[in-house]
Amino acid sequence: MSETILLSARGISKSFGGLKALADVSFDVYQGEIYGIIGPNGSGKTTLVNCITGFIRSDDGEVFFRDEEITGWPAHKIARIGITRTFQIMRPYYSLPAFKNLIIPLWSPRAKKYGGWRGGGRHGDRDTVAVDILEEIGFERDSRVPYKLAATLPTGYQKRLELARCIALRPDVIFCDEVFSGLSMSEIAGMIPLIEKLKMEGVTLIMIEHRLRELFRVADRVMALNFGEKIAEGDSSEVIEDSRVREAYLGNEGV
Amino acid sequence: MEETRKERIDRGLKVRTEGIYAVSSFEEIAYLVGPRLLLIVGVLLLPLVLELAPYWKRVVNIMCVYALLALAFDFLANYVGLVCLGGALFVGVGGYLAALFNVYLSLPFYLSIPLATVCGAALCTAIILPCLPLRGVYFAIVTLMYPILFSRIFEALNVLGGTNGISGIDSFPSEYLEEYMIIIAMLAALFGMRRLVSQDVGLVLRGVKDNDQSVRASGISLTSMKCLAVFIAALMGCFGGAYMAHLYMWAGLSLFALDFSIIPIAAVVIGGPGTLVGAVVGSFILVPLSEFLRFFGSFRIVIYCALLTGFIVFKSEGLMVYLQRKYHQFERMVKV
């Protein structure tokens, strides 16, 4: 973890009609760290990711990536400069086999630009590359799993596939929108090394989580949101001790 | 009585996934090539066989035009997720452009048809471009509206021949050229599309149908992919239109007729959505059928509708989906 700020959000606000989903949220993410975003249901975590990755337009505020302003860019352009995301509700390409799911990110201009073993060559090498990436993420190459239709995969594998789709783009930043939710303890135990490996490779991760115990194991810094406002930021131990965070999670009487 | 049940077993030709076959004998090669060859040779022989019935040769030509339109519809609807009722738009634009190139610029047919195909496809894509963010039935309605819009404009402003249309277009120098041109174009489009949808580009297009948000998250612009898909489909439709203009030596408002939008859909429903070959087979059934039913006068619509309803109710998966399943599987009765 270095001291260079990679991604910086300033004063992001978003309202849906009368509902204020995000109010003036600002945060910085340093190069190579794992940054956690926590908060109760409906606190605006996913909306924040949607605003930053260009899936919805924020009403106000700016986003900077490597000192370049990317506010209001379309989603595909943001993905091309290296900011990718997974979806909370898994969105694989259901009618394609698992390894063919990765052809789509591998075909994108960003992956093509990198070429080499991950970009795939001109003559269908992408299949090989796709299976390589799947193996890296925990699909056994010689089993039937990578060749099954994505729709028939169990949840654990679909979550991994979401992550694999991001990795195929060779991203600088990955927004992981609840990659642990809906997984069993053993499946989570299998995911954590993947996250740590990505960090070692120099990828910056921003993780939105409800599974706090697992998040705090890997996260360097954590931000807590409640009703669209940032209520705490800092080390995981600091955040969990914060009275406003406790109030948000446990209610008034708990404090 | 002993109870039995039907057991279905896949033939062991496919390896792990679609599109990879392990072929180890001539029998297996014949098994794979057979149906494809049957279609190709059968269609190529049609004009020769129909020497006996010249009227039906025309029907074969029209059948191939509809097959092209049905292919375009099947590709857009079942592979890219755009339910496009713009068949009439493609035919109309292609036909009128071919007429303009041929009559006003006096280009020969071998230049006017390719030019009309490419320019027409570009024009259609440009027209549809603003509505590409629309999905499902909204996109369908907008694309259905365009051909009506065009024919009304031509009628009201009396441009491009108005209601009389543009006549005096060159016909083809020989009858065989006329027939084989459209047949070969149709076969090329069929096998080209089949190849395209399994290529990497095709997979991206299928991704657009399955999950457009994931495609955006992968750094691929949805608009450009949809444009590409509409352009490819419009190429097929505009070729059909340009060909028809030369075939009838006339381009008129009937090129914007709704038949070109609706019959391809019926053909795809009958043939089997998402199989591509089903689109061709469907139009090979529907178009001759509607010609044949002409003998019944106005009663033909009733028979036509009854048949369509029958297909939708009893074989809603479509003919080719059903046949392909039967072809690729063994069936046998086993004891329970």
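Refer to the structure above for everything that follows.
Residues numbered from 1 in each chain as written. Chains lettered and ligands numbered in written order. Predicted model: local features only at pLDDT ≥ 70, side-chain atom pairs only at ≥ 80, totals over all residues.

A.B. asks: Describe in detail the interface of chain B and chain A, supporting the description with residues and values.
C.D. replies: The interface is formed by 18 residues belonging to chain B together with 26 residues belonging to chain A. Contributions of two or more residues to the side of chain B that touches chain A are made by α7 (200-210) and α8 (212-217) of chain B. Examining the composition of the side of chain B that touches chain A, we find that 6 residues originate from one element, α7(B), more than from any other. Here the side of chain B that touches chain A is built from residues that sort into 5 nonpolar, 8 polar and 5 charged. (Contact = placed C-beta atoms within 7 Å. Helix = DSSP H or I, 4+ residues; strand = E, 2+ residues; numbered from the N terminus. Nonpolar A, V, L, I, M, F, W, Y, C, P; charged D, E, K, R; others polar.)

A.B. asks: So what's going on with the environment of Ala248(A)? Which residues, and what values?
C.D. replies: Residues and elements named next belong to chain A. Within the secondary structure, Ala 248 is located in helix α12 (residues 243-250). Distance in space between the C-alpha atoms of Ala 248 and Ser 43 is 9.6 Å, their sequence separation being 205 residues. Each residue touching Ala 248, except ones within four places of it in the same chain, is listed here: Gly 39, Pro 40, Ala 224, Asn 226 and Ile 231.

A.B. asks: Residues and numbers for the nonpolar core, please.
C.D. replies: One finds Ala67(B), Leu68(B) and Leu71(B) to be the most contacted residues of the largest nonpolar core, which totals 166 residues. Counting residues per element, this core draws most heavily on helix α2 (residues 54-80) of chain B, which supplies 16 residues. (Core = buried A, V, L, I, M, F, W, Y, C linked by C-beta atoms within 7 Å. Buried ≥ 20, exposed ≤ 12 C-beta atoms within 10 Å, placed from the backbone.)

A.B. asks: Let's hear about the sheet that holds strand β1 (residues 5-16) of chain A: which residues, and what values?
C.D. replies: Residue and element names in this part refer to chain A. Strand order in the open sheet made by the 4 strands is β2-β1-β4-β5, with antiparallel pairing throughout. The open sheet has two edge strands, β2 (19-30) and β5 (68-69), and neither has a second partner. Bridge count between β1 and strand β4 (residues 60-65): 5 bridges; the pairing is antiparallel. Among the inter-strand pairings, Ala 9 is bridged to a residue of β4, identified as Val 63. (Pairing = 2+ DSSP bridges.)

A.B. asks: Could you give an account of the sheet that holds strand β6 (residues 83-85) of chain A, naming the residues involved and the relevant values?
C.D. replies: All names here are of chain A. With mixed pairing, the 6 strands of this open sheet are ordered in space as β6-β7-β8-β3-β9-β10. At either end of the open sheet lies a strand with only one pairing partner, and these are β6 and β10 (229-234). Neighbour-to-neighbour, the strand axes of the sheet open up by a mean angle of 20 degrees, direction not taken into account. When strand β7 (residues 173-177) meets strand β8 (residues 204-208), the two strands line up parallel, connected through 5 bridges. Paired with Asp 177 across the two strands is Ile 208, which belongs to β8. (Axes fitted to C-alpha atoms, helices over the stretch in contact; angles between N-to-C directions.)

A.B. asks: Explain the pairing of β1(A) to me, using residue names and the numbers behind them.
C.D. replies: Residues and elements named next belong to chain A. Where β1 lies against β2, 8 bridges are found, and the strand directions are antiparallel. Looking at the pairing, Leu 7 lines up with Val 29 of β2. Between β1 and β2, which pair antiparallel and follow one another directly, the connecting turn spans 2 residues, one of which, Gly 17, has a positive phi of 60 degrees.

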